[in-house]
Amino acid sequence: MTSPESATPFAHPMRMILIISLAAAIGLGIGRFAYSLVLPDMRDSLGWSYSTAGFMNTVNAIGYLAGALGAASFIRRVGLFRATWIGALACVVSLGICALSGNVILFSFGRLLSGLGAAATFVGGGTLAATIAQSRPEKSAVLLSLFYTGPGTGLIVSGLAAPFLLQYFGPGSWWIVWTVLTVLTALMMIPLLLNPVDVPATKTSTATSSIALRPIAFYLAGYFLFGAGYIAYMTFMIAYVRDGGGDAAAQSGFWCLIGLMSFVGPWLWRGLMARGESGMTTAIMIGVTCLGTFIALLGTSPMLLAASAFVFGLSFFPVVAATTVFARLNYPPEAWPKAIGILTITFGIGQTLGPFVTGAITDAMGSLSYALTISTAALALGAVLCAFQRPLKG
């Protein structure tokens, strides 16, 4: 599925996509996921229940959902690259807000803004990356996957910083972590702003195509369950590691291992990703993600937790990449923003429900293992549903 426009060459596609991936590192890897690293200290210091702690990620997911709903319109108004860096900047500001106070309302606003910005970085950046990757059809799957190493970069940055800052400064130092992360993400904005990616508006940013939902119903349902299932793991696993006796080094190692595996994922899955016009590619990756959550249920020994992080990290970011490949292979370029936006909305609804529901169940049952059980079940069912999706041109 190519066109003269989509075949337009880009001089340095790999470098361009890696620079764009910094937006995803800021928006998702840090803006969205670093909260899990700070959550245990905030719970202890502020007296939050698991429901309240989970609600903060639900608010973040609501912002992500709202951002995804408006992403196509926002992109049409400001363009792909501008939408991407504006979203990343919003995430930097949100981190600064989170450092100001543990007040539930103010902190919730910071998390809401972070979700809005993350959606813009994902839809805008993902569409930009898809456009650039299309210029090298023989390498398109690997090139596109490079964008999704961005969140892994963010995980590593936050994983190397947050646990040790909390250990050094002691209980109640959560605001110091947010402050440091604000500074780090501001620095990450610099190469993004200094290297604008020029994509003419006629390529994808003016998308107005309609997308029929019924032909992709299985895929949407499976992706919804993936959103609900993976976020329970990503929200509460650091608390799970800490409750199992893991110190700052264990928490950092666990988090960074997930991030490191996200760099391996594109190479491991590149052949399967290139054939991602059906839902089977996504189903297999969700299935592997499910295995990662299941391993964590077996215990909190260092070996089991390392295996869980290894397997989970190897597959969960590539799932998101696979959905972009699915959109790219099944729709014309002008429909990519809308198709990616619909997938992001579906994902966002799952993310909205997952943290609060699992947090409430954890409060009621008294153990984080229940959250992981729900996560595992949701991922397993999501994999089954995606497996039923057929190519739209079949």
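The rules behind the values
Counting starts from 1 at the beginning of each chain's written sequence and moves along it residue by residue. With the structure being a predicted model, the display of local features is reserved for residues of pLDDT at least 70 and the display and counting of side-chain atom pairs for 80 or more, all residues being used for whole-chain, interface and lining totals. To obtain the side-chain values, all non-hydrogen atoms of the structure were included, while hydrogens and water were left out. Helix numbering and strand numbering both begin at the N terminus, where a helix is a DSSP run of H or I of at least 4 residues and a strand a DSSP run of E of at least 2. Computation of the radius of gyration draws on C-alpha atoms, with the globule rule given as 2.2 Å multiplied by the number of residues to the power 0.38. Residue exposure (1.4 Å probe, protein chains only): buried if accessible area is under 20% of the type maximum, exposed if over 50%, otherwise partly exposed. The contact criterion used throughout is that any non-hydrogen atoms of two residues lie within 4.5 Å. The Shrake-Rupley method, run with a 1.4 Å probe sphere, supplies the accessible areas, and residue values consider only the shown protein chains as cover. Pairs were defined over the aromatic rings of Phe, Tyr and Trp, the Trp ring being its six-membered one, requiring ring centres within 6.5 Å. Orientation was assigned from the angle between planes: stacked under 30 degrees, edge-to-face over 60, tilted for the rest. How far a helix is expected to stretch is found by multiplying one less than its residue total by 1.5 Å. One axis is fitted to the seven residues ending at the residue and one to the seven starting there. The bend at that residue is the angle between these axes. By salt bridge we mean one thing: a side-chain nitrogen of Lys or Arg within 4 Å of a carboxyl oxygen of Asp or Glu. Each patch is assembled from residues with relative accessible area greater than 30% and no salt bridge, linking like charges that lie within 9 Å and nonpolar side chains (Val, Leu, Ile, Met, Phe, Trp, Tyr) that lie within 5 Å. Throughout, an axis means a line fitted to C-alpha atoms (over the contacting stretch in the case of helices), and angles, computed between N-to-C directions, take values from 0 to 180 degrees. The labels follow the angle: roughly parallel below 35 degrees, roughly antiparallel above 145, roughly perpendicular from 65 to 115, and oblique for the rest. Should the near helix be turned anticlockwise from the far one by less than a right angle, the crossing is left-handed, and should it be turned clockwise, the crossing is right-handed. Nonpolar core, defined: a set of buried Ala, Val, Leu, Ile, Met, Phe, Trp, Tyr and Cys residues in which side-chain atoms within 4.5 Å join the residues together. Per-residue confidence from the predictor is given as pLDDT, running between 0 and 100.

Naming follows an unreviewed UniProt entry, where the chain appears as Putative MFS family arabinose efflux permease of Afipia massiliensis.

Caption draft 1: View of the overall build of the chain. Helix and strand content of the chain: 14 helices and 0 strands. Mapped in sequence order, the helices and strands of the chain form the string α-α-α-α-α-α-α-α-α-α-α-α-α-α. Relative to the compact-globule value of 21 Å for 394 residues, the chain shows a C-alpha radius of gyration of 19 Å, a close match. On the principal axes, the C-alpha backbone points of the chain span a range of 60 × 40 × 30 Å. Out of the 394 residues belonging to the chain, those deemed buried represent 62%. Of all intrachain contacts in the chain linking residues separated by at least 6 positions in sequence, the fraction that spans at least 24 positions is 85%. Summing over all exposed atoms, the chain offers an accessible surface of approximately 13800 Å²; the carbon and sulfur share of this is 71%.

Caption draft 2: Representation of the packing of aromatic side chains. One pass over the full model with this rule turns up 21 aromatic pairs. Pairing Y230 with F316 gives two aromatic rings, centres 5.5 Å apart and planes at 25 degrees, and the pair type is stacked. In this pair, Y230 is assigned in helix α9 (residues 217–243) and F316 in helix α12 (residues 302–330), connecting sequence segments 86 residues apart. Accessibility expressed as a relative area gives 2% for Y230, which makes it buried. A residue is classified by how much of its surface remains accessible, and F316, at 1% relative accessible area, is buried. Judged by centre distance (4.0 Å) and plane angle (35 degrees), the rings of F316 and F317 are tilted. Since its relative accessible area comes to 5%, F317 is described here as buried. Three or more aromatic residues link up through ring pairs in this structure, and these residues are F33, Y64, Y223, F226, Y230, Y233, F254, F312, F316, F317 and F347.

Caption draft 3: Summary view of helix α1 (residues 13–30). Relative to the 26 Å expected for 18 residues at 1.5 Å per residue, α1 spans 24 Å between its end C-alpha atoms, a close match to the ideal helical length. Taking the largest bend as the criterion, α1 deviates by roughly 35 degrees, centred on A24. Most of α1 is tucked away, with 15 of its 18 residues classed as buried.

Caption draft 4: Molecular detail of the pattern of salt bridges. In the structure shown here, the tally under the stated rule is 1 salt bridge. The residue R242 makes a salt bridge to D44 at a minimum N-O spacing of 2.8 Å. With R242 in helix α9 and D44 in helix α2 (residues 35–46), the pair connects residues that are 198 residues apart, well separated along the chain. The exposure class of R242 is partly exposed, given its relative accessible area of 31%. Here D44 falls in the partly exposed class, since its relative accessible area comes to 48%.

Caption draft 5: Representation of a nonpolar patch on the surface in the model. A cluster of nonpolar residues, F55, I349, L353, F356 and V357, forms a patch on the protein surface that exposes about 400 Å² of accessible area. In terms of residues, the nonpolar patch owes the most to one element, helix α13 (residues 336–365), which gives 4 residues. Tracing the backbone through its elements, the reader meets V357 in helix α13. On the accessibility criterion, V357 (39% relative accessible area) is partly exposed.

Caption draft 6: The arrangement of the packing of α9 against α12 in detail. For the pair α9 and α12, the least separation of the axes is 12 Å and the interaxial angle reads 150 degrees. The pairing of α9 with α12 is recorded here as roughly antiparallel in orientation. For α9 against α12, the interelement crossing comes out left-handed. Residues Y219, Y223, F226, Y230, Y233, M234, M237, Y240 and V241 of α9 pack against L305, S308, A309, F312, F316, V319, V320, A322, T323 and F326 of α12.

Caption draft 7: Quick look at the nonpolar core. Residues F33, W178, F226, M234, F254 and I258 are the most contacted members of the largest nonpolar core, which totals 116 residues. Looking at which element gives the most residues to this core, the answer is α9, with 14 residues. With sequence-adjacent residues up to four places away left out, F226 is seen in contact with I286, T289, F316, V319, V320, F347 and L379.

Caption draft 8: Quick peek at the confidence of the model for the chain. Per-residue confidence for the chain averages 86 on the pLDDT scale, and 93% of its residues sit at or above 70. No element of the chain has a lower mean pLDDT than helix α6 (residues 140–147), which averages 76, and none a higher one than helix α8 (residues 174–194), which averages 96. Across residues 1–8, confidence stays below pLDDT 50; counting only partners more than four residues off in sequence or on other chains, it has 19 contacts. Here residues 201–207 scores under 50 on pLDDT; set against residues more than four positions off or in separate chains, the count is 25 contacts.

Caption draft 9: The side chain of S51, seen in detail. As for its placement among the helices and strands, S51 is situated in helix α3 (residues 50–78). Under the relative-accessibility criterion, S51 is labelled buried at 18%. Once residues within four sequence positions are removed from consideration, S51 is found in contact with F356, G359, A360 and D363.

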